[in-house]
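Fold and geometry: a report
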Amino acid sequence: MDQNKLLVKLENAGVYRSSKWLVRGISLEINQGQIVTLIGPNGSGKTTTAKMILNILNTDEGLVKGNANKMAYVPQKINIDWTMPLRVIDFMKITSSLNDTQITESLVMTGVDKLLYNQIHSLSGGEFQRVLIARAIAKKPDLLVLDEPVQGVDFNGEIALYNLIKEISVNLNCGILLISHDMHFVMSTTDHVICLNGHICCSGSPSNVVKNPEYIKLFGEHNSETLSYYQHQHDHSHNHDGSISK
Amino acid sequence: MFDDFFMRALIAGIGIAIVTGPLGCLVIWRRLSYFGDTLSHSALLGVTLAYAFSINISLSVFIISGTVALLLLSLQKRTKLAGDSLLGLLAHSTLAIGLVLIGFLSSIRFDLMGLLFGDILAVTIEDIFIVWFGGLIILGILFYIWKSIFAATVNYDLAAAEGMKPDLSNFIFTLLLAGVIAISIKMIGALLITGLLLIPAATARSLSSNPRQMVILSILVGIISVILGLFSSLELNTASGPSIIVAALVLFILSLISFKRSGALQK
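The structure reproduced in this document is the subject of the present report. (Residues numbered from 1 in each chain as written. Chains lettered and ligands numbered in written order. Predicted model: local features only at pLDDT ≥ 70, side-chain atom pairs only at ≥ 80, totals over all residues.)

**Overview of the overall build of chain A**
We count it as follows: For the purposes of this entry, the term helix denotes a DSSP run of H or I that reaches at least four residues, the term strand denotes a run of E that reaches at least two, and both are numbered from the N terminus. Here a residue counts as buried when 20 or more other C-beta atoms sit within 10 Å of its C-beta, as exposed when there are 12 or fewer, and as partly exposed otherwise, the C-beta atoms being derived from the backbone. We call two residues in contact when their backbone-placed C-beta atoms lie within 7 Å.
Looking only at helices and strands, chain A features 8 helices and 11 strands. Relative to its 246 residues, chain A shows a buried fraction of 44%. For chain A, the proportion of contacts with a sequence separation of at least 24, taken over those separated by at least 6, is 66%.

**Here's the deal with the interface of chain B and chain A**
What counts, and what does not: Only Asp, Glu, Lys and Arg are considered charged, only Ala, Val, Leu, Ile, Met, Phe, Trp, Tyr, Cys and Pro nonpolar, and every remaining residue, Gly among them, polar.
At the interface, 20 residues of chain B touch 19 residues of chain A. When residues of the side of chain B that touches chain A are traced back to their parent elements, those giving at least two are helix 1 (5-29), helix 6 (125-154), helix 7 (156-161) and helix 10 (211-236) of chain B. Considering each element in turn, the side of chain B that touches chain A owes the most residues, 5 residues, to helix 7 of chain B. Of the residues that constitute the side of chain B that touches chain A, the class distribution is 12 nonpolar, 4 polar and 4 charged.

**Regarding helix 4 (residues 83-104) of chain B**
All names here are of chain B. Applied cut-off: Every helix has an expected span of 1.5 Å times one less than the residues it contains. Of all possible arcs, the one meant is that of the directions from the helix axis to the C-beta atoms.
With 22 residues, helix 4 extends 32 Å from end C-alpha to end C-alpha; this agrees with the ideal 32 Å at 1.5 Å per step. Along helix 4, the residues that are buried comprise Leu87, Leu90, Ala91, Thr94, Leu95 and Gly98. For helix 4, the arc enclosing every buried residue in end-on projection is 115°, short of the 170-degree limit, so these residues lie on one face. Residues of helix 4 that are exposed and angled more than 90 degrees away from the buried face: Ser85, Val100, Gly103 and Phe104. Structurally, helix 4 contributes buried residues whose contacts are with helix 2 (33-52) and helix 3 (57-78).

**Concerning the environment of leucine 146 of chain A**
Residues and elements named next belong to chain A. With respect to the helices, strands and loops of the structure, leucine 146 is situated in strand 6 (residues 143-147). Residue classification places leucine 146 among the buried positions, given that 26 C-beta atoms sit within 10 Å. Sequence separation of leucine 146 and asparagine 118 is 28 residues, and the distance between their C-alpha atoms is 24 Å. With residues near it in sequence (within four places) discarded, leucine 146 still touches Val74, Ile165, Ile176, Leu178 and Ile179.

**Regarding the pairing of strand 5 (residues 71-74) of chain A**
Residues and elements named next belong to chain A. Heads up, the condition is: Strands qualify as paired when DSSP identifies two bridges or more between them.
Both faces of strand 5 are covered, namely the face carrying Met71 and Tyr73 and the face carrying Ala72 and Val74. As defined by bridge partners, strand 5 adjoins strand 6 across 4 bridges and the pair is classed as parallel. Within strand 6, the residue paired with methionine 71 across the bridge is leucine 143.

**So, the sheet that holds strand 3 (residues 35-39) of chain A**
Residues and elements named next belong to chain A. Put simply, the test is: For helices, the axis comes from a line fit to the C-alpha atoms of the stretch in contact; other axes are also lines fit to C-alpha atoms, and the angle between any two N-to-C directions lies between 0 and 180 degrees.
Here we have 6 strands laid out as an open sheet, ordered 5-6-7-3-8-9, and mixed in their pairing. Each having just a single partner strand, strand 5 and strand 9 (200-204) make up the two edges of the open sheet. For this sheet, the mean angle separating the axes of adjacent strands, direction not counted, is 15°. Helix-sheet contacts for helix 4 (residues 125-138) involve strand 5 and strand 6, and the interaxial angle to strand 5 is about 180°.

**Concerning the pairing of strand 9 of chain A**
Residue and element names in this part refer to chain A. Two elements, strand 8 (residues 192-196) and strand 9, share 4 bridges in a ladder whose sense is antiparallel. Bridging across to strand 9, cysteine 195 finds its partner in cysteine 202. Between strand 8 and strand 9, which pair antiparallel one after the other, the connecting turn spans 3 residues, and glycine 198 there sits at a positive phi close to 80°.

**Topic: the environment of glycine 111 of chain A**
Residues and elements named next belong to chain A. Along the chain, glycine 111 falls in the loop between helix 3 (100-109) and helix 4. Overall, glycine 111 belongs to the buried group, with 20 C-beta atoms counted inside 10 Å. Separated by 20 residues in sequence, glycine 111 and valine 131 place their C-alpha atoms 8.9 Å apart.

Right under this line is the structure:
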């Protein structure tokens, strides 16, 4: 297997719904072992772009060339009807047949292995988010798409989960597309940043993107300064319970 | 054993309950009860056409309900009318067309009550064959697409992204729903079929903690409802369809009481 296999490629792709373009002219590539982040204001088409990559939405223009064998998705929002009794263990298995070890392993990774037999409806927002991530990584995908994966997770948990995402990209050697508002993580850990506002405003390595005038126009001068401050190396990591390990 | 009309009704009814159990769970999970209503209302048109052209009732109902279902799926994508308005529109217009056609077919004697509410006396050996053979086909296909339809029920985007082909399984599921209406219309009647889909599944919900349990329980509740309903229909000389639904309702109320006692309603 060559190191940088191309997993998915969009060529000038666009989605047209209710007489307007949700996104247009999107070209991007995700390779194995790469973390690509989408940033942009609300309604800028981040989720739409992710859905094109995942073949949930058909493009009305341009091409999607998929090359990934197994894709996994952590959607931004998911509502499970109360009428369906569903435990975490049932939810883990909805799209793939996993054995108990695989399920427990990934739940341990996201710190929610104790919730295996709990009803999905009884979980808190943060717990559910961790279960969603665990489900996606349990099937060992080669392309993982995460749409604001840590929403509702407490601060320490957020850091641990972002570290986990970084870890996953290395261990599974999978490609990751991440939609995130956490500029700290985006700028310090990802390989390629795409700044979106209905079209691609600018893209490139994090350090280049923050200097781009288009980026500054969207996010403001202030933000770009804060970010350069954030570009530092951790000498420790945070565990799920908030404790620090070297 | 098949000589006795009551035994025939019992055997056909149990067959129907086995099929409505899992399909009813999906109808509840997917919030499709009005969809089921629309399909069963359109079934009356199917019955009328069956009499007009002397073809098998179940076949004709399946064709009409299936067509309405597919029409509905495509209209939902094309019009801006809200889903429930669309359902009401199709339900009542097909019901009305069916009733108008009955007016034209004055030469044929109709048992309208039987069509709307089911007729225990009308179950023939041929009907038993249709229920069990048709039911086995429906269950077989449902078993085959279960993983996909279940994933799509939990979340469409997840299912689509992870290769579960939710559109295909939605399409098949819709036809299966038309199929279950077709095999049960004679027993339960056009107006009450949705009741047999919904009530046993709703009863099972409060007693189960995972999807498989809910499916099995709703089959059991359905079977008990059929048995209780048919016996009371025989004893009290009431229509079979309504008696079965009332029995199901009694079981539902009992399940609520036990649910409350166990404290599961309190969060």
